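Coordinates in review
These are the residues of each chain, in order.
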Amino acid sequence: MNLILLGPPGAGKGTQAQYLVEDYAIPQISTGDMLRAAVKEGTPMGLKAKECMDSGALVPDDVVVGIVRERLQQGDCAKGFILDGFPRTVPQADALSETLQQLDKGIDAAIALTVDTEALVDRLAGRRTCPVCGATYHLKYDPPREEGICTKCGAKLVLRDDDKEETVRNRMQVYAQQTQPLLDYYAQAGVLVEVDGMRSIDEVRTAIKEALESQS
Ligand code: AP5
Ligand code: MG
Ligand code: ZN
């Protein structure tokens, strides 16, 4: 099963990707997580990416396309993958379809999570993430077992650098301008699955599963 998760910042892509990993035993490929790892390691690419990410802008297409192309060729993607946060521009989507064609693969579903702007702001403000294993929590909607501590690995939870109010506003704008056109792109390809992301985390998880099962 080759999946794409689409949706604005805070829609729940990462949250649902973690469940899809459990439910379908395929890896999550999050360009955001990979870029944050590069920033943390201080690689040249990470240093360049950090500037874009801190302002809420996108990292250049060639950088992310290169990362994803390499990742898709690793053995654990043989049975499928979940792209989380990629593609985000039409050129990225074109590059993805070219890469998949070369690998003799295709996209089974592009799942678009729809969520109101107000709810997005609330979700990002209360989000806490694990800098070690990448798990995501929410103070109100998905609290860790112990306050401030990752339930999965015990690390101290942090606020993401780009979850400041002004950066969030920019990320929303960038989404509307550069990423939203992908909804039409994948609708035309006949693989778009729209899921109401305004419901609880569990309800959204069930809705995605049902949509995928009814499709196959
Ligand atoms: P990225 O890391 O991909 O961030 P994003 O797209 O802005 O999305 P988020 O990770 O913020 O939100 P999410 O949808 O994963 O929501 P989550 O599940 O955490 O990208 C960051 C930056 O990296 C970009 O700005 C860009 O600079 C760069 N970048 C990355 N990919 C790129 C690319 N392809 N090209 C160029 N640049 C790229 O949920 C949010 C919160 O809500 C959590 O606290 C969660 O617990 C809670 N929550 C989730 N679902 C629900 C629910 N149903 N009800 C209530 N709460 C919920
Ligand atoms: Mg995410
Ligand atoms: Zn952790």
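Residues numbered from 1 in each chain as written. Chains lettered and ligands numbered in written order. Predicted model: local features only at pLDDT ≥ 70, side-chain atom pairs only at ≥ 80, totals over all residues. Heavy atoms only, no water.

**With respect to the sheet that holds strand β1 (residues 2-6)**
Threshold: Strand pairing is defined by DSSP finding a minimum of two bridges between the two strands. Secondary structure elements are taken from DSSP: a helix is a run of H or I of four residues or more, a strand is a run of E of two residues or more, and numbering for both begins at the N terminus. Orientation is described by axes fitted as lines to C-alpha atoms, over the contacting stretch for helices, and by angles from 0 to 180 degrees between their N-to-C directions. Contacts are assigned to residue pairs with any non-hydrogen atoms lying within 4.5 Å of each other.
Reading across the sheet, the five strands line up as β2-β3-β1-β4-β7 and stay open at both edges, with parallel pairing between neighbours. Looking along the sheet, the strands with just one partner apiece sit at the ends: β2 (28-30) and β7 (192-196). Taking the axes of each pair of neighbouring strands and ignoring which way they run, one obtains an average angle of 20° across the sheet. Across the face of the sheet, helix α8 (residues 181-188) comes into contact with β1, β4 (109-114) and β7 while running at roughly 150° to β1.

**A short note on the coordination of the zinc ion (ligand 3)**
Selection rule: Any nitrogen, oxygen or sulfur atom within 2.8 Å of a metal ion counts as a donor, with the limit raised to 3.2 Å for Na, K and Ca, and since water is left out, coordination shells can look unfinished. Every geometry call rests on angle ranges, with four donors termed tetrahedral when all angles are between 85 and 135 degrees, four termed square planar and six termed octahedral when opposite donors are over 155 degrees apart and all others are between 65 and 115, and everything else termed irregular. Relative accessibility under 20% of the residue-type maximum defines a buried residue, over 50% an exposed one, and the middle range a partly exposed one, all with a 1.4 Å probe and only protein chains included.
Coordination sphere of the zinc ion (ligand 3), protein contribution only: C130 (SG), C133 (SG), C150 (SG) and C153 (SG), at 2.3 to 2.4 Å. Of note is the zinc ion (ligand 3), whose four donor atoms meet at the metal with angles of 101 to 119° in an arrangement that counts as tetrahedral. In primary sequence terms, the donor set of the zinc ion (ligand 3) follows C-x2-C-x16-C-x2-C. Note that C130 is positioned in the loop between β5 (127-129) and β6 (136-138) and C153 in the loop between β6 and α7 (165-179), a separation of 23 residues in sequence. Judged by relative accessible area, C130 falls into the buried class, the value being 5%.

**Some points on the pattern of salt bridges**
The test is simple: Each salt bridge in this description consists of a side-chain nitrogen of Lys or Arg and a carboxyl oxygen of Asp or Glu lying within 4 Å of one another.
For the coordinates displayed, the defined rule picks out 13 salt bridges. Between D122 and K140 there is a salt bridge whose closest N-O contact spans 3.5 Å. Placement of the pair is D122 in helix α6 (residues 117-125) and K140 in the loop between β6 and α7, with a sequence separation of 18 residues. Accessibility expressed as a relative area gives 27% for D122, which makes it partly exposed. A relative accessible area of 57% places K140 in the exposed class. A salt bridge links D163 to R127; the shortest N-O distance between them is 3.0 Å. One end of the pair, D163, is in the loop between β6 and α7; the other, R127, is in strand β5, with 36 residues separating them in the sequence. For the pair D163 and R127, a shared accessibility class is recorded, and that class is buried. Connected through salt bridges with shared partners, the residues R127, R160, D162, D163 and R171 form a single ionic network.

**Quick look at unusual backbone geometry**
In this structure, P87 follows F86 across a cis peptide bond, with omega equal to -5°. Looking at where P87 falls in the secondary structure, it is placed in the loop between β3 (81-84) and α5 (90-102). With a phi angle near 50°, A25 is a residue other than glycine that sits in the positive phi range. Assignment of secondary structure puts A25 in the loop between α1 (13-24) and β2. One non-glycine residue, D104, lies in positive phi territory at about 60°. Along the chain, D104 turns up in the loop between α5 and β4. Residue D104 is classed as exposed on the basis of its relative accessible area, which comes to 73%.

**With respect to the site of ligand 1**
Cut-off, in case you're wondering: For this description, a residue counts as near a given molecule or strand if any of its non-hydrogen atoms is within 4 Å of it. Within 3.5 Å is the distance limit for a polar contact, defined as a pair of N or O atoms, with the added protein rule that one can donate a hydrogen and the other accept it, and that residues adjacent in sequence qualify only through two side-chain atoms. For every accessible area listed, the method is Shrake-Rupley and the probe measures 1.4 Å; residues are considered covered only by the protein chains on display. Only Asp, Glu, Lys and Arg are considered charged, only Ala, Val, Leu, Ile, Met, Phe, Trp, Tyr, Cys and Pro nonpolar, and every remaining residue, Gly among them, polar.
Every one of the 37 residues lining ligand 1 counts as a neighbour, but T15, A57, R88, R127 and R171 are closest to it. Residue Q92 places a side-chain N or O atom 2.9 Å away from a nitrogen atom belonging to ligand 1. With respect to ligand 1, the side chain of R160 contributes an N or O atom lying 3.0 Å from an oxygen atom. In isolation ligand 1 has 1,000 Å² of accessible area, and contact with the protein removes 97% of it. Of all the elements in the fold, those that place two or more residues in the shell around ligand 1 are α1, α2 (31-41), α6, β6 and α9 (201-215). If you tally residues by element for the shell around ligand 1, the top one is α2, at four residues. Taken together, the residues of the shell around ligand 1 break down into 15 nonpolar, twelve polar and ten charged.

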